[in-house]
Every structure is written in structure tokens, then in C-alpha cells.
Amino acid sequence: MVSVRFNFHFDFYYRDPWEYVLSLVCDKSLASDSAWNSVRKIYCSGGPEHTEDCIIDEPNTADTWWNVDSSLPSDGPFPHSYLPLHFWLDKGLVTKRVKVYPMILRAAWLPRKIRNASGNGGGILLGYMPMVNPGDPDERGAAETLEFSEFKREVYQRVLGQIFNSLKWPSQHGETHMCNDNVIRILYPGILIESQDGEEASYFCACRATIANHPCPKCLVHQSQLGNITEQFELRTPETMCSVLQQASHSQSKTAKEKILRDHGLHNIKHFLWDFRFSDPYAASSYDTLHSDDLGKWGKHLWVLLTGVLRDKKCLGKLSRNMNKFPYWKDLKHMDAVSTISFADGQCFYDILKCILPCIVQLLPRNSPLIHCIRAYQQYRVMIGLRCMTDQHLGHLKEIIKDYENYCNEISSLYEKNFNFPKQHYVSHIISDIRQKGTTDNMSTRPGEGFQQEASQAYRQTNRKKIDKQMTKIDANLEAIAAIRMAITKFDESITTELSVHEEHTKDAQSMSEQHWAFGSRISGRQLESREVEQKFAPTDSDFTSFDDRLRSFIACNFPDEDLRYEDLIYASTFQIYIVQMFKCLYVTYQSMEDWTESRDILQCNSSFNNRERYDCVIVNSDSSRIDIARLRSLLRCRLLSGKTIDIALVHTFHQHTWKPFTLWDNCQILNEDRDSSFLLLDFVVRGGLMCPAFDNSLSLSSLHYIVDTVDGDMFLRVNNLT
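Overview of the structure. A quick note: this is a predicted structure, and the numbers were derived from the prediction, not measured.

Considerations on helix α7 (residues 238–249)
Phase 1: Relative to the 16 Å expected for 12 residues at 1.5 Å per residue, α7 spans 16 Å between its end C-alpha atoms, a close match to the ideal helical length.
Phase 2: Considered for burial, the residues of α7 that qualify are P238, M241, V244, L245 and A248. Taken end-on, α7 shows its buried residues confined to a sector of 125 degrees, consistent with a single buried face.
Phase 3: Structurally, α7 contributes buried residues whose contacts are with α8 (254–263) and α9 (281–284).

Printed below as a string of C-alpha cells:
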């Protein structure tokens, strides 16, 4: 490739994407998982107030696929089907000095659990984008810098145009093939989703960089309006951008041409996808929670602002101490020295966001706009991360975005924080992206980022010379090995007798229907009767005071058919928690309100879990309009005279308290833990719940706690009454 100042020759190796697509289309093992048409999912609620709510999760439930299906012919001997593709491209370090740009293609007509995995139906490495390195950028002037930016985008367009060339004809006219379900279809491939960080997105869309007057790859927002996240701006389309290039080409002078291009945030480059059907490069540019949020608005902006404010108040040490005292929870990273560690992991930043409010609310002034802003952003981040969205959820998200924008404006005035940056502006596109392409986990760069580890391993097997060819071949070999291994595994599974499979499934279904919880290992020692339990534990633990009398009363109240006399013994097996992973636990299985699938919590009830006392909390099923919480203190399995066995928990219940923190954020709930214990049937346990101590409260009560509703989507929906 040649320009005025740059002359490069590129050799690159790539795999044919159409060949990859057809291999999946014809793969019999994927027949039951392939989606050939768009669908509409509707949630219907029963009762007198019958409502219907549209559900969006996979790409085939969103609008773009539906619109494409509506535009395809409905007559003829064979059905016409759209094959949407997901393209990912990002830079990564395979060593401290060597950078590569892998390109991954995924089949968006397969479920996300398959296409985002590494097995059959997962993504394929198309190749590595050639790197353009003309020397030290500090030595280039303004004109040379502009030309180099245009040249680099031209390289992207030429390379990608060559790689995806095999998709052009079938995307326009369709191509007939026998599919894996033995149905002949006319197939139309198209790029539905592009997952890239801001820099790569500008290269892919041939737009100007983030410092340009119009930096967004999706719309024509001006740089000065990037903070207006509730306002909609003119969208880019292939037709309008093509007309801009035509208008610029007819300009009378170079200055006039440059002005036209600059006013639309374009370079004088024809996009390779303009010749494709069902492949709008600007609409396909997608929202990414990793770079836009965890490493963007939160990690590089709000978190930096917050730590700066706390540093000025000399409160960073208190923040670290509070975060260190924050309760442990499954899949939630625990931060010991949060204010002194430089984080590069997006998941670390997200976990900090989930925990942050109880740790800082008493360190900032009363009714702090910063607290309200972080809470609004916290709600926004949890909502956009839901794996299943409804119209109700999107309506609530729209209101959250309004609140977030208002609090950002307050923060700007109070702390002189500028929110005019591209990743803030991307918020204005999130709802339309979800409606057009499905939930954000379909568009995330996280699965692609995981490939960087594979690239590093492949690089170590090369001789460090012309690595692209070697690494591409290594990946192809690994894929072939994985296919062979998968075929052997499937064969081994197929020889299992149908009878044993049927019995196993029947057994699992019966056990699941009987109870939704499971205890861990029993405390060593013989079984104790209820009076022995009281005698053994009551002297050192007040929870067991009058244990025998209270247990008898509880059983008599809940099981009136069990006629207990004082001389009758109740044999109780006292339990702490034990799990296979070498720590004690209680498993609670529940239906997630996020996507109605089965989920599981692992709850601890242990006086010394990793040298720390840990007694987790549970949500209790009750008739109350509020969330009822109880803390596990002991787990018991009791065998009655009738032979009946019951599982119960000794718990501390929580009740509402009138104390308020310095800033009462939206849906902030403060509960007080009762000192007295009571019994609870495990039948009434819904799932686990996380309670955080109210640090530095003015009453000096260690029993005051906040409900943490940000641990996952299900908890957020339950606590905020969005189910």
C-alpha cells in the first residue's frame, strides 16, 4: 500500500470466513442449537391484571434480525435465512514488548453459551491484523499525523475487505445449502455485531479518532455534546456516509474537502462493508461494558474522582479499612488495600463498584451528589448487565439514565469534572443497541479478551520471526485437536445405555423437586439429642439458650401431627457447612428472576472460615412487601419419633431501623440484626442475601446493616421490586 508519505507491503494469513460459516451450518451436532429465524418472546403475567412484556436476550429476539427476516423473500421452494456474525478485533500484548491484533469471528445464530466458548461452535481466529509502525509519532507534524491516521484506516479496510470478500456475494444474493437439520435453505450472511474498544472501532468504521469534532462511530454527535446522554443525534448510515464522500470528492479545493470530511468525522475512505447486504458497519458497532464501563466511566473517571476527593479529605485509609471489612461473597473479589493498588482488571473495578457505597457514605458530606451519582451509575451498570431484558426493564433503565445525567451535571459543577468523553456518550446508544442486537453479553469483548492468553501461549511456540503465519497455524492445529477430542467424547457419551440415562435424569428431577437446598458435611461426633445440644453449646453461645424448649415449640407449631412429650428425644445433627472445594457450605438452588433459569448460592455458616468468622444471610419467603433477611447461625437436621426428618436453621432475623446514613441513596435499606435467635424451616429460604455492616454509624451499633442489592441481577431485581 502506498500513500504520499508511507509505503508498506503487507503479507497476512487468514482463514476464509464463509468456509467457517458453512462448517457450522452443516455440523449435525449443532442442529438443535441453530436459530434459523428471528422470534418474539413475550412474558405473560397471569391474574386479574394480565400484562404482556416483550423479552430480549439472544440476537434472534431483537429488532435487527426481525427486520432482516421481514425483508427476505417469503416465497420460493426454499426458506431464506439470515446468518448474523459477531466480529471482534483488539490489540493485545503477547510479551511486554510484542503486540498483536487478533481477529475473531463468531456465529451469532448459535446460543451465546456456545459461540462464546472454545469448543464446537465457538469463535474462530480469522488471522492477525498487520501492524503499521512508521516510527516515533512525536516526530510527525499535524499534517503527517492526519495522513498516517487515514492510511492506517485504509489498511484496515483493505485487509478486512480481502478477508471478508467471500461473504460479499452470498450476503447480496444468498447461497443455497443443505443445513444441519436436513433442510435446504438460502443463506444470507451479514455482520450484525462488532465488539471493539474505541480506538479499534474508529479504525474499523474508518472514522476519526476520539479527539475529533465528531468522534462517535455510530452518530454525528459533536465533541461538546458528548455529555448529553439523554439526547439523540443523527445516526451514521452507509448511504449518508457514502454521500458525504461523494460530496467531498466534488469539492473545489483541498481545504473545502477536508472541512466536509471533518464535519462528519470521516476520512476519505470507502468502507468495505458498503458493498455488503445486511452489514451496516455503524449500526453493528456495539456497546461494550468492559471498556465503556468497568475500565471506562467507572475505572478511569468516577473511581479516579472519588479517590481524589477522599485523598483530599485524608480518608483513603478509612476506605481501605472499610473495604477490608466488607463481607465475603461468592464470585465477589475481596479488596484488602483498595486505595493503594493499581487495577488493570475490569472485573476488579466492577467488584469495587458493587461494594463501594457502604464503605464511603460516612466519609463524604451529607447528601453528597457524588454518592447519588455513583448510586445512579451503579444501578445503570447492573441493569445493562442483565442477561434478559424486558420492556419494563428498558423503561426503568431509561429513567436511571436520566438520573445519572442529572447527577453528572451536579458533579461537573461541584468538582469541575468534565463528562464530555466518548464512553460517556455511548450511554445514549445502549437502549437502542439492546433492542437491535440483544443484551450486552452478546456484544461484550470479554470472550475475545480471553483469547489473548491463547495468543500468548502460541507466541511462545514460535521462533519470534514472522509470527503471524506460525501463530495462525498453531491455532488451526489446536482447533483440529479439539475437534478430534470432542468427537471421541461424543462417541463415548453415545454408548451410554438409554436406560441409565433415563434413570439418572429421573433421579435428578425427583431430588430437585423434593428440596432446593443441600447441607454439607456433618460436624464430627455422634448424634445428639436436643437437650444435649443445649447443654453442650448454650454455655458459650447464647443462640442455644433454651434450645430444647424452643425447638419443641417450633416443631409443635409447624408439625402439629408430631405429638412430642418432654421425655421424647429429638435427635439433632448439628451442621456447619462443607463443600467439595474444601470449605463448608450450604447450597441453595433457586429460579433466577433475571432470566428464569436455575441458579445456586453457596452460603457459609462457619465460626472459622479461612480464619474468619462467617455467617451468611438468606432471603426468607414471606408475605411482606419488603425483603425479609435472616442470618444463618446454625444448621440442623432433626429426626422425629415418626421417622420424619426436617432441615431447619437457627437464625438471627433483621428488621427495619430508623437510623439513616449521611446520604440516603436510592432504595437504601438499613436493617438491624436481632440478638435473639429463632428457628427457620429451610423450605422458606429463597436464596442467599448479602448484608454489609453500617460502618462508622453514629449509634456505634455493630448490628446495623445495609442490604447490598448489586451482587447480581437477580438480587437487584428482587430488592428493587422489578421482577
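More follows now that the structure is in view.
A look at the packing of helix α17 (residues 446–460) against helix α18 (residues 467–494)
Phase 1: Between α17 and α18, the shortest axis-to-axis distance is 9 Å and the interhelical angle comes to 115 degrees. As far as their axial angle goes, α18 and α17 are roughly perpendicular. In this structure, α17 meets α18 at a crossing whose hand is right-handed. Contact residues: F451, E454, A455, A458 and Y459 in α17; I467, M471, I474 and D475 in α18.
Phase 2: Its residues assigned to classes, the contact of α17 with α18 comprises 7 nonpolar, no polar and 2 charged.

Some points on the pattern of salt bridges
Phase 1: Throughout the structure, instances matching the rule amount to 36 salt bridges.
Phase 2: For R112, the salt bridge goes to D441, with nearest N and O atoms at 3.0 Å. Separated by 329 residues along the polypeptide, R112 in helix α3 (residues 112–115) and D441 in the loop between α16 (430–437) and α17 bring together distant segments of the chain.
Phase 3: Judged by its relative accessible area of 16%, R112 falls in the buried class.
Phase 4: Here R552 ties to D548 by a salt bridge, and the two come within 3.1 Å at their closest N and O atoms. With a gap of 4 residues between them, R552 and D548 both fall in helix α21 (residues 547–558), about one helical turn apart. The burial state of R552 is the same as that of D548; both residues are buried.
Phase 5: Ionic contacts of the salt-bridge type, sharing partners, join the residues D601, R687, D712, D714 and R718 into one network.

Conventions used here
- Residues numbered from 1 in each chain as written.
- Predicted model: local features only at pLDDT ≥ 70, side-chain atom pairs only at ≥ 80, totals over all residues.
- Heavy atoms only, no water.
- Helix = DSSP H or I, 4+ residues; strand = E, 2+ residues; numbered from the N terminus.
- Expected span 1.5 Å × (residues − 1).
- Buried < 20%, exposed > 50% of the residue type's maximum accessible area, 1.4 Å probe, protein only.
- Arc of directions from axis to C-beta.
- Contact = heavy atoms within 4.5 Å.
- Axes fitted to C-alpha atoms, helices over the stretch in contact; angles between N-to-C directions.
- Parallel < 35°, antiparallel > 145°, perpendicular 65-115°, else oblique.
- Left-handed = near helix turned anticlockwise from the far one by under 90°.
- Nonpolar A, V, L, I, M, F, W, Y, C, P; charged D, E, K, R; others polar.
- Salt bridge = Lys/Arg side-chain N within 4 Å of Asp/Glu carboxyl O.

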